[in-house]
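# Summary of the model geometry
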Amino acid sequence: MKKNILIVGAGFSGAVIGRLLAEENYKVTIIDSRNHIAGNCYSARHKETNVLVHTYGPHIFHTDNETVWNFVNKHTNMMPYVNRVKATVNGQVFSLPINLHTINQFFKKTCSPQEAKALIESKGDHTITEPTSFEQQALRFVGKELYEAFFKGYTIKQWGLDPSELPASILKRLPVRFNYDDNYFNHKFQGMPEEGYTPLVESILNHPNITVKLNTQFEKSDKQKYDHLFYSGPLDAYFDYQFGHLAYRTLDFEEFSQQGDYQGTAVMNYCETSVPYTRITEHKYFAPWESHEGTVCYKEYSRLCGENDIPYYPIRLVGEMTQLEKYVALAKNEPAITFVGRLGTYRYLDMDVTIAEAMQTAQLFLDAVANATPMPAFTCETGQAH
Ligand code: UDP
(Lines give C-alpha, C1' and ligand atoms only; values in the text may rest on other atoms or scores of the structure.)
Protein backbone atom coordinates (compact mmCIF):
# COMPACT_ATOMS: atom_id res chain seq x y z
CA MET A 1 0.00 0.00 0.00
CA LYS A 2 1.36 3.42 -0.93
CA LYS A 3 1.84 5.85 1.91
CA ASN A 4 0.94 9.42 2.77
CA ILE A 5 3.88 11.68 3.40
CA LEU A 6 4.01 15.05 5.14
CA ILE A 7 6.91 17.38 4.46
CA VAL A 8 7.50 20.54 6.46
CA GLY A 9 9.25 23.19 4.39
CA ALA A 10 9.10 23.89 0.65
CA GLY A 11 12.80 24.70 0.19
CA PHE A 12 15.22 22.48 -1.70
CA SER A 13 15.20 19.69 0.92
CA GLY A 14 11.42 19.35 1.06
CA ALA A 15 10.88 19.86 -2.66
CA VAL A 16 13.46 17.27 -3.74
CA ILE A 17 12.34 14.60 -1.25
CA GLY A 18 8.71 15.32 -2.17
CA ARG A 19 9.39 15.03 -5.88
CA LEU A 20 11.32 11.76 -5.68
CA LEU A 21 8.65 10.15 -3.48
CA ALA A 22 5.82 11.53 -5.64
CA GLU A 23 7.44 9.88 -8.65
CA GLU A 24 7.21 6.58 -6.74
CA ASN A 25 3.49 7.17 -6.32
CA TYR A 26 3.48 8.40 -2.74
CA LYS A 27 0.91 11.07 -1.88
CA VAL A 28 2.95 14.02 -0.67
CA THR A 29 1.72 17.08 1.23
CA ILE A 30 4.23 19.90 1.68
CA ILE A 31 3.45 22.71 4.09
CA ASP A 32 5.36 25.94 4.56
CA SER A 33 4.71 28.74 7.05
CA ARG A 34 5.84 31.34 4.53
CA ASN A 35 3.69 32.72 1.73
CA HIS A 36 6.08 31.37 -0.90
CA ILE A 37 8.04 28.28 -1.89
CA ALA A 38 11.85 27.93 -2.26
CA GLY A 39 12.84 28.88 1.31
CA ASN A 40 15.81 31.23 1.50
CA CYS A 41 16.61 30.61 -2.18
CA TYR A 42 13.41 32.46 -3.13
CA SER A 43 13.89 35.02 -5.88
CA ALA A 44 11.43 37.55 -7.28
CA ARG A 45 11.41 40.40 -9.77
CA HIS A 46 11.74 43.91 -8.38
CA LYS A 47 8.61 45.91 -9.22
CA GLU A 48 10.14 49.11 -10.61
CA THR A 49 13.26 47.79 -12.33
CA ASN A 50 12.23 44.19 -13.15
CA VAL A 51 15.63 43.05 -11.86
CA LEU A 52 15.61 39.49 -10.51
CA VAL A 53 16.33 39.82 -6.79
CA HIS A 54 17.63 37.08 -4.48
CA THR A 55 15.26 38.13 -1.71
CA TYR A 56 17.14 36.37 1.12
CA GLY A 57 20.60 37.22 -0.15
CA PRO A 58 22.75 35.94 -2.99
CA HIS A 59 22.68 32.27 -3.94
CA ILE A 60 25.16 30.99 -6.50
CA PHE A 61 24.84 27.41 -7.63
CA HIS A 62 28.13 25.49 -7.75
CA THR A 63 28.83 21.79 -7.47
CA ASP A 64 31.08 18.89 -8.36
CA ASN A 65 28.14 16.51 -8.18
CA GLU A 66 27.03 15.64 -11.71
CA THR A 67 23.82 13.95 -10.54
CA VAL A 68 22.77 17.13 -8.73
CA TRP A 69 23.76 19.29 -11.69
CA ASN A 70 21.73 17.11 -14.07
CA PHE A 71 18.76 17.23 -11.70
CA VAL A 72 18.63 21.04 -11.59
CA ASN A 73 19.18 21.23 -15.34
CA LYS A 74 16.18 18.98 -15.85
CA HIS A 75 14.04 21.52 -14.01
CA THR A 76 15.36 24.79 -15.35
CA ASN A 77 17.73 26.33 -17.85
CA MET A 78 20.98 26.96 -15.97
CA MET A 79 22.84 29.94 -17.43
CA PRO A 80 26.62 30.22 -17.35
CA TYR A 81 27.69 32.25 -14.34
CA VAL A 82 31.06 32.62 -12.61
CA ASN A 83 31.15 34.25 -9.20
CA ARG A 84 33.87 36.90 -9.09
CA VAL A 85 34.08 38.83 -5.85
CA LYS A 86 35.79 42.13 -5.19
CA ALA A 87 36.78 43.62 -1.85
CA THR A 88 37.16 47.22 -0.76
CA VAL A 89 39.91 47.64 1.84
CA ASN A 90 41.79 50.80 2.88
CA GLY A 91 40.33 52.82 0.02
CA GLN A 92 41.41 50.31 -2.62
CA VAL A 93 39.58 47.62 -4.58
CA PHE A 94 41.07 44.11 -4.64
CA SER A 95 40.25 40.83 -6.30
CA LEU A 96 39.03 37.87 -4.18
CA PRO A 97 39.57 35.08 -3.32
CA ILE A 98 43.21 35.92 -2.64
CA ASN A 99 44.96 35.26 -5.96
CA LEU A 100 48.07 36.48 -7.78
CA HIS A 101 46.36 39.75 -8.68
CA THR A 102 45.40 40.39 -5.03
CA ILE A 103 48.92 39.61 -3.84
CA ASN A 104 50.54 41.85 -6.45
CA GLN A 105 48.08 44.69 -5.84
CA PHE A 106 48.35 44.44 -2.08
CA PHE A 107 52.16 44.29 -1.86
CA LYS A 108 52.60 46.57 -4.92
CA LYS A 109 54.68 43.92 -6.70
CA THR A 110 54.81 42.13 -10.03
CA CYS A 111 55.43 38.62 -8.69
CA SER A 112 55.33 35.52 -10.84
CA PRO A 113 53.41 32.55 -9.36
CA GLN A 114 56.65 31.12 -7.87
CA GLU A 115 57.70 34.49 -6.43
CA ALA A 116 54.25 35.03 -4.93
CA LYS A 117 54.31 31.58 -3.36
CA ALA A 118 57.69 32.32 -1.79
CA LEU A 119 56.50 35.74 -0.63
CA ILE A 120 53.37 34.35 1.06
CA GLU A 121 55.36 31.49 2.52
CA SER A 122 57.72 34.05 4.06
CA LYS A 123 54.75 35.93 5.53
CA GLY A 124 53.25 32.82 7.18
CA ASP A 125 53.81 32.20 10.89
CA HIS A 126 55.67 28.88 10.93
CA THR A 127 55.58 28.61 14.70
CA ILE A 128 51.93 27.55 14.22
CA THR A 129 52.21 23.88 13.36
CA GLU A 130 48.65 22.67 13.77
CA PRO A 131 46.24 25.57 13.26
CA THR A 132 42.87 24.96 14.88
CA SER A 133 41.31 28.44 14.95
CA PHE A 134 40.41 30.64 12.01
CA GLU A 135 43.05 33.13 13.13
CA GLN A 136 45.83 30.56 13.39
CA GLN A 137 44.91 29.14 10.00
CA ALA A 138 45.11 32.62 8.44
CA LEU A 139 48.34 33.62 10.20
CA ARG A 140 49.96 30.33 9.23
CA PHE A 141 48.96 30.34 5.56
CA VAL A 142 48.67 34.00 4.48
CA GLY A 143 50.37 35.96 7.26
CA LYS A 144 49.37 38.92 9.39
CA GLU A 145 49.02 41.63 6.71
CA LEU A 146 46.61 39.77 4.40
CA TYR A 147 44.76 38.31 7.41
CA GLU A 148 44.16 41.73 8.91
CA ALA A 149 43.21 43.32 5.60
CA PHE A 150 40.82 40.71 4.21
CA PHE A 151 39.70 38.31 6.94
CA LYS A 152 39.82 39.75 10.42
CA GLY A 153 37.30 42.60 10.16
CA TYR A 154 34.96 40.79 7.78
CA THR A 155 34.87 37.74 10.03
CA ILE A 156 34.23 39.79 13.18
CA LYS A 157 31.27 41.41 11.38
CA GLN A 158 29.99 38.16 9.88
CA TRP A 159 30.22 35.99 13.00
CA GLY A 160 30.21 38.52 15.86
CA LEU A 161 33.21 36.68 17.27
CA ASP A 162 36.94 37.12 17.18
CA PRO A 163 38.55 34.79 14.59
CA SER A 164 40.61 33.27 17.43
CA GLU A 165 37.31 31.77 18.71
CA LEU A 166 36.21 30.36 15.35
CA PRO A 167 37.28 27.05 13.81
CA ALA A 168 39.82 26.92 10.98
CA SER A 169 37.25 25.14 8.80
CA ILE A 170 35.39 28.43 8.09
CA LEU A 171 38.48 29.87 6.40
CA LYS A 172 39.13 26.62 4.56
CA ARG A 173 36.05 27.43 2.45
CA LEU A 174 38.18 30.03 0.65
CA PRO A 175 41.05 29.12 -1.70
CA VAL A 176 44.35 31.03 -2.04
CA ARG A 177 45.63 30.95 -5.62
CA PHE A 178 48.98 31.73 -7.14
CA ASN A 179 47.58 32.50 -10.58
CA TYR A 180 45.08 35.05 -11.89
CA ASP A 181 42.06 32.76 -11.55
CA ASP A 182 39.50 34.85 -9.67
CA ASN A 183 36.63 32.34 -9.83
CA TYR A 184 35.37 32.30 -6.23
CA PHE A 185 34.57 28.59 -6.43
CA ASN A 186 36.66 25.57 -7.37
CA HIS A 187 33.73 23.45 -8.53
CA LYS A 188 33.28 21.78 -11.89
CA PHE A 189 29.76 23.13 -12.49
CA GLN A 190 28.54 26.65 -11.77
CA GLY A 191 25.51 28.56 -12.99
CA MET A 192 22.33 30.47 -12.29
CA PRO A 193 18.75 29.42 -13.05
CA GLU A 194 17.65 31.60 -15.96
CA GLU A 195 14.45 32.84 -14.30
CA GLY A 196 15.68 32.53 -10.72
CA TYR A 197 15.35 29.87 -8.04
CA THR A 198 11.59 30.17 -7.53
CA PRO A 199 10.63 28.66 -10.93
CA LEU A 200 13.28 25.96 -10.41
CA VAL A 201 11.70 24.86 -7.11
CA GLU A 202 8.23 25.31 -8.67
CA SER A 203 9.16 22.85 -11.39
CA ILE A 204 10.47 20.33 -8.84
CA LEU A 205 7.17 20.62 -6.95
CA ASN A 206 5.06 20.36 -10.09
CA HIS A 207 3.80 16.78 -9.84
CA PRO A 208 0.23 15.46 -9.56
CA ASN A 209 1.08 13.59 -6.35
CA ILE A 210 2.32 16.74 -4.58
CA THR A 211 0.07 19.21 -2.76
CA VAL A 212 1.70 22.40 -1.47
CA LYS A 213 0.05 24.41 1.31
CA LEU A 214 1.57 27.82 1.97
CA ASN A 215 0.93 30.06 5.01
CA THR A 216 0.52 26.85 6.99
CA GLN A 217 2.11 26.40 10.40
CA PHE A 218 3.12 22.88 11.36
CA GLU A 219 1.23 21.47 14.35
CA LYS A 220 2.54 18.33 16.03
CA SER A 221 -0.94 16.78 15.75
CA ASP A 222 -0.61 16.93 11.92
CA LYS A 223 1.86 14.08 12.15
CA GLN A 224 -0.77 11.50 13.16
CA LYS A 225 -2.47 11.73 9.76
CA TYR A 226 0.63 10.67 7.84
CA ASP A 227 2.84 7.61 7.61
CA HIS A 228 6.07 9.57 7.70
CA LEU A 229 7.15 13.15 8.26
CA PHE A 230 10.20 14.83 6.73
CA TYR A 231 10.86 17.96 8.74
CA SER A 232 13.09 20.72 7.36
CA GLY A 233 12.10 23.35 9.93
CA PRO A 234 14.36 24.26 12.86
CA LEU A 235 15.22 21.21 14.97
CA ASP A 236 14.93 23.16 18.26
CA ALA A 237 11.51 24.56 17.27
CA TYR A 238 10.16 21.02 16.79
CA PHE A 239 10.98 20.34 20.45
CA ASP A 240 9.56 23.69 21.62
CA TYR A 241 13.05 25.00 22.39
CA GLN A 242 13.14 22.93 25.57
CA PHE A 243 16.94 23.10 25.73
CA GLY A 244 17.01 26.73 24.56
CA HIS A 245 17.46 28.24 21.09
CA LEU A 246 20.27 26.92 18.90
CA ALA A 247 22.28 30.04 18.00
CA TYR A 248 22.29 31.36 14.44
CA ARG A 249 23.46 34.47 12.70
CA THR A 250 20.76 36.32 10.81
CA LEU A 251 21.13 38.84 7.99
CA ASP A 252 19.47 42.22 7.47
CA PHE A 253 19.32 43.58 3.96
CA GLU A 254 19.03 47.30 3.27
CA GLU A 255 17.64 47.51 -0.24
CA PHE A 256 18.20 50.46 -2.52
CA SER A 257 17.62 51.01 -6.21
CA GLN A 258 18.66 53.63 -8.72
CA GLN A 259 19.05 54.24 -12.43
CA GLY A 260 22.09 52.84 -14.23
CA ASP A 261 24.76 50.97 -12.33
CA TYR A 262 25.84 51.14 -8.74
CA GLN A 263 29.09 49.19 -8.37
CA GLY A 264 29.57 47.42 -11.71
CA THR A 265 29.77 43.93 -10.22
CA ALA A 266 27.63 41.43 -8.31
CA VAL A 267 29.49 41.29 -4.98
CA MET A 268 31.69 43.87 -3.26
CA ASN A 269 32.94 42.85 0.18
CA TYR A 270 33.82 45.47 2.78
CA CYS A 271 36.43 43.90 5.00
CA GLU A 272 36.93 46.68 7.56
CA THR A 273 34.98 46.97 10.82
CA SER A 274 34.64 50.75 10.24
CA VAL A 275 32.04 49.87 7.56
CA PRO A 276 29.04 48.31 9.36
CA TYR A 277 27.91 46.01 6.52
CA THR A 278 29.82 42.99 5.21
CA ARG A 279 29.05 43.38 1.54
CA ILE A 280 26.91 45.02 -1.12
CA THR A 281 25.31 42.86 -3.77
CA GLU A 282 24.03 44.29 -7.06
CA HIS A 283 21.44 41.81 -8.19
CA LYS A 284 21.30 42.41 -11.93
CA TYR A 285 24.88 41.17 -12.12
CA PHE A 286 23.69 37.73 -10.95
CA ALA A 287 21.84 37.56 -14.29
CA PRO A 288 24.44 38.97 -16.73
CA TRP A 289 22.44 37.72 -19.73
CA GLU A 290 19.70 40.28 -18.92
CA SER A 291 19.92 44.04 -19.40
CA HIS A 292 18.21 46.61 -17.17
CA GLU A 293 18.20 50.39 -17.03
CA GLY A 294 17.77 50.42 -13.27
CA THR A 295 19.59 48.52 -10.58
CA VAL A 296 18.77 46.98 -7.18
CA CYS A 297 21.35 46.52 -4.43
CA TYR A 298 21.42 45.01 -0.96
CA LYS A 299 23.64 46.21 1.84
CA GLU A 300 24.13 43.11 3.98
CA TYR A 301 24.42 43.26 7.76
CA SER A 302 25.00 40.24 9.98
CA ARG A 303 23.89 39.91 13.61
CA LEU A 304 22.86 37.36 16.20
CA CYS A 305 19.51 35.80 15.29
CA GLY A 306 16.68 36.75 17.66
CA GLU A 307 13.49 34.77 18.26
CA ASN A 308 11.52 36.37 15.43
CA ASP A 309 14.36 36.62 12.93
CA ILE A 310 15.15 34.35 10.02
CA PRO A 311 17.98 31.95 10.91
CA TYR A 312 20.83 31.85 8.34
CA TYR A 313 24.20 30.60 9.61
CA PRO A 314 24.32 28.03 12.42
CA ILE A 315 27.10 29.05 14.81
CA ARG A 316 28.09 25.51 15.93
CA LEU A 317 30.70 26.36 18.52
CA VAL A 318 31.31 24.02 21.45
CA GLY A 319 28.36 25.36 23.51
CA GLU A 320 25.90 24.99 20.64
CA MET A 321 27.16 21.50 19.85
CA THR A 322 26.42 20.30 23.39
CA GLN A 323 22.92 21.72 23.09
CA LEU A 324 22.57 20.16 19.64
CA GLU A 325 23.46 16.72 21.01
CA LYS A 326 20.50 16.92 23.41
CA TYR A 327 18.11 17.73 20.57
CA VAL A 328 19.58 14.98 18.41
CA ALA A 329 19.04 12.46 21.24
CA LEU A 330 15.37 13.52 21.54
CA ALA A 331 14.92 13.36 17.78
CA LYS A 332 16.25 9.82 17.62
CA ASN A 333 13.43 8.75 19.95
CA GLU A 334 10.67 10.20 17.77
CA PRO A 335 8.98 7.66 15.55
CA ALA A 336 8.26 8.19 11.85
CA ILE A 337 10.12 11.44 11.41
CA THR A 338 13.31 12.40 9.58
CA PHE A 339 14.99 15.76 10.13
CA VAL A 340 16.53 17.22 6.98
CA GLY A 341 18.24 20.29 5.55
CA ARG A 342 20.03 23.26 7.03
CA LEU A 343 17.53 23.97 9.81
CA GLY A 344 16.49 20.38 10.52
CA THR A 345 20.09 19.29 11.07
CA TYR A 346 21.58 22.63 12.22
CA ARG A 347 24.35 22.64 9.61
CA TYR A 348 25.50 25.26 7.13
CA LEU A 349 24.76 23.64 3.78
CA ASP A 350 25.41 24.82 0.26
CA MET A 351 22.49 24.26 -2.11
CA ASP A 352 24.11 21.37 -3.95
CA VAL A 353 24.80 19.48 -0.72
CA THR A 354 21.21 20.09 0.38
CA ILE A 355 19.93 18.59 -2.87
CA ALA A 356 22.36 15.65 -2.75
CA GLU A 357 21.33 14.82 0.82
CA ALA A 358 17.64 15.14 -0.04
CA MET A 359 18.11 12.66 -2.91
CA GLN A 360 19.91 10.27 -0.63
CA THR A 361 17.22 10.63 2.06
CA ALA A 362 14.44 9.83 -0.40
CA GLN A 363 16.32 6.73 -1.56
CA LEU A 364 16.97 5.60 2.02
CA PHE A 365 13.26 5.95 2.71
CA LEU A 366 12.32 3.86 -0.32
CA ASP A 367 14.85 1.21 0.75
CA ALA A 368 13.57 1.24 4.35
CA VAL A 369 10.01 0.69 3.15
CA ALA A 370 11.11 -2.08 0.75
CA ASN A 371 13.09 -3.84 3.49
CA ALA A 372 10.57 -3.11 6.27
CA THR A 373 13.30 -1.46 8.34
CA PRO A 374 12.83 1.77 10.32
CA MET A 375 13.73 5.07 8.68
CA PRO A 376 16.33 6.93 10.80
CA ALA A 377 15.73 10.40 12.31
CA PHE A 378 18.86 11.68 10.55
CA THR A 379 20.46 10.57 7.30
CA CYS A 380 23.64 12.62 7.90
CA GLU A 381 26.22 13.19 10.63
CA THR A 382 25.00 16.10 12.76
CA GLY A 383 27.83 16.09 15.25
CA GLN A 384 30.82 17.66 13.52
CA ALA A 385 31.23 21.39 14.04
CA HIS A 386 31.47 23.12 10.64
N1 UDP B 1 35.63 35.84 4.71
C2 UDP B 1 36.44 36.91 5.02
N3 UDP B 1 36.55 37.95 4.13
C4 UDP B 1 35.90 37.94 2.94
C5 UDP B 1 35.09 36.84 2.62
C6 UDP B 1 34.97 35.80 3.52
O7 UDP B 1 37.03 36.97 6.10
O8 UDP B 1 36.06 38.92 2.19
C9 UDP B 1 35.52 34.76 5.72
C10 UDP B 1 34.28 34.91 6.59
O11 UDP B 1 34.60 34.50 7.90
C12 UDP B 1 33.30 33.97 5.97
C13 UDP B 1 34.21 32.85 5.48
O14 UDP B 1 35.41 33.50 5.08
O15 UDP B 1 32.34 33.52 6.89
C16 UDP B 1 33.64 32.00 4.35
O17 UDP B 1 33.38 32.85 3.26
P18 UDP B 1 32.26 32.52 2.20
O19 UDP B 1 32.37 33.49 1.10
O20 UDP B 1 32.30 31.06 1.91
O21 UDP B 1 30.98 32.90 3.05
P22 UDP B 1 29.46 32.41 2.90
O23 UDP B 1 29.26 31.94 1.51
O24 UDP B 1 29.38 31.36 3.93
O25 UDP B 1 28.70 33.63 3.26
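A short tour of the structure in this document, coming up.

Conventions adopted
- Residues numbered from 1 in each chain as written.
- Predicted model: local features only at pLDDT ≥ 70, side-chain atom pairs only at ≥ 80, totals over all residues.
- Heavy atoms only, no water.
- Axes fitted to C-alpha atoms, helices over the stretch in contact; angles between N-to-C directions.
- Helix = DSSP H or I, 4+ residues; strand = E, 2+ residues; numbered from the N terminus.
- Parallel < 35°, antiparallel > 145°, perpendicular 65-115°, else oblique.
- Contact = heavy atoms within 4.5 Å.
- Buried < 20%, exposed > 50% of the residue type's maximum accessible area, 1.4 Å probe, protein only.
- Pairing = 2+ DSSP bridges.
- Core = buried A, V, L, I, M, F, W, Y, C linked by side-chain atoms within 4.5 Å.
- Near = heavy atom within 4 Å.
- Polar contact = N/O pair within 3.5 Å; in protein donor to acceptor, adjacent residues only side chain to side chain.
- Areas by Shrake-Rupley, 256 points an atom, 1.4 Å probe, with all protein chains shown as cover.
- Nonpolar A, V, L, I, M, F, W, Y, C, P; charged D, E, K, R; others polar.
- Left-handed = near helix turned anticlockwise from the far one by under 90°.

### Focus on the packing of helix α2 (residues 66-75) against helix α12 (residues 351-371)
Working note: a packed helix pair is described by the angle between its axes plus the distance between those axes. One can describe the packing of α2 onto α12 by two numbers: an axis separation of 10 Å at closest approach and a directional angle of 95°. Relative to α12, the element α2 lies roughly perpendicular. Across the interface between the two elements, Thr67, Val68, Phe71 and Val72 from α2 touch Asp352, Ile355, Ala356 and Met359 from α12.

### Regarding the pairing of strand β14 (residues 279-282)
Side-chain alternation along β14 places Arg279 and Thr281 on one buried face and Ile280 and Glu282 on a second face that is also buried. Summarising the sheet, strand β13 (residues 267-270) and β14 pair through 3 bridges and their orientation is antiparallel. Bridge pairing links Met268 to Ile280 in β14. As defined by bridge partners, β14 adjoins strand β15 (residues 294-304) across 4 bridges and the pair is classed as antiparallel. Within the sheet, the bridge partner assigned to Arg279 lies in β15 and is Glu300.

### As for unusual backbone geometry
The phi angle of most residues is negative, glycine excepted, and most peptide bonds adopt the trans form. Looking along the chain, the bond that leaves Leu96 and enters Pro97 is cis, with omega of -10°. Structurally, Pro97 is set in the loop between β8 (92-96) and α3 (100-106). Phi is positive for Asn25, which is not a glycine, with a value near 75°. You can see Asn25 is positioned in the loop between α1 (12-22) and β2 (27-31).

### Observations regarding the pairing of β8
Two elements, strand β7 (residues 85-89) and β8, share 5 bridges in a ladder whose sense is antiparallel. Among the inter-strand pairings, Val85 is bridged to a residue of β8, identified as Leu96.

### So, the nonpolar core
Within the largest apolar cluster, 107 residues are counted, with the highest numbers of intra-cluster contacts made by Leu21, Phe150 and Phe339. The leading source of residues in this core is α12, at 8 residues. The residues touching Phe339, leaving out its near neighbours within four places in the chain, are Tyr231, Leu235, Tyr238, Phe239, Ala331, Gly344, Thr345, Ala377 and Phe378. Grouped together as the second largest cluster of nonpolar side chains are 7 residues, Met268, Val275, Tyr277 and Cys297 included.

### Re the sheet that holds strand β6 (residues 78-80)
Within the open sheet, the 3 strands sit side by side as β5-β9-β6. Their pairing is antiparallel. Each end of this open sheet is capped by a strand with a single partner; those strands are β5 (61-63) and β6. When the angles between neighbouring strand axes are averaged without regard to direction, this sheet yields 45°. Summarising the sheet, β5 and strand β9 (residues 189-193) pair through 3 bridges and their orientation is antiparallel. In the sheet register, Thr63 faces β9, and the bridge partner there is Phe189.

### Focus on the site of the ligand
Around the ligand there are 16 residues in total, and Thr155, Arg173, Tyr184, Asn269 and Tyr313 lie nearest to it. In the environment of the ligand, an oxygen atom lies 2.9 Å from a nitrogen or oxygen atom belonging to the side chain of Trp159. Residue Tyr313 places a side-chain N or O atom 2.6 Å away from an oxygen atom belonging to the ligand. Relative to its free-state accessible area of 520 Å², the ligand is covered by the protein chains to the extent of 93%. At 6 residues, the largest contribution of residues to the shell around the ligand is made by helix α6 (residues 143-159). For the shell around the ligand, the class distribution of residues is 12 nonpolar, 3 polar and 1 charged.

### Thoughts on the packing of helix α5 (residues 134-141) against α6
Two elements in contact, α5 and α6, have axes separated by 8 Å at closest approach and are oriented at 150°. Comparing the axis directions of α5 and α6 gives the class roughly antiparallel. For α5 against α6, the interelement crossing comes out right-handed. Across the interface between the two elements, Phe134, Glu135, Ala138, Leu139 and Phe141 from α5 touch Gly143, Lys144, Tyr147, Phe151 and Thr155 from α6. Split into classes, the residues belonging to the contact of α5 with α6 amount to 6 nonpolar, 2 polar and 2 charged.

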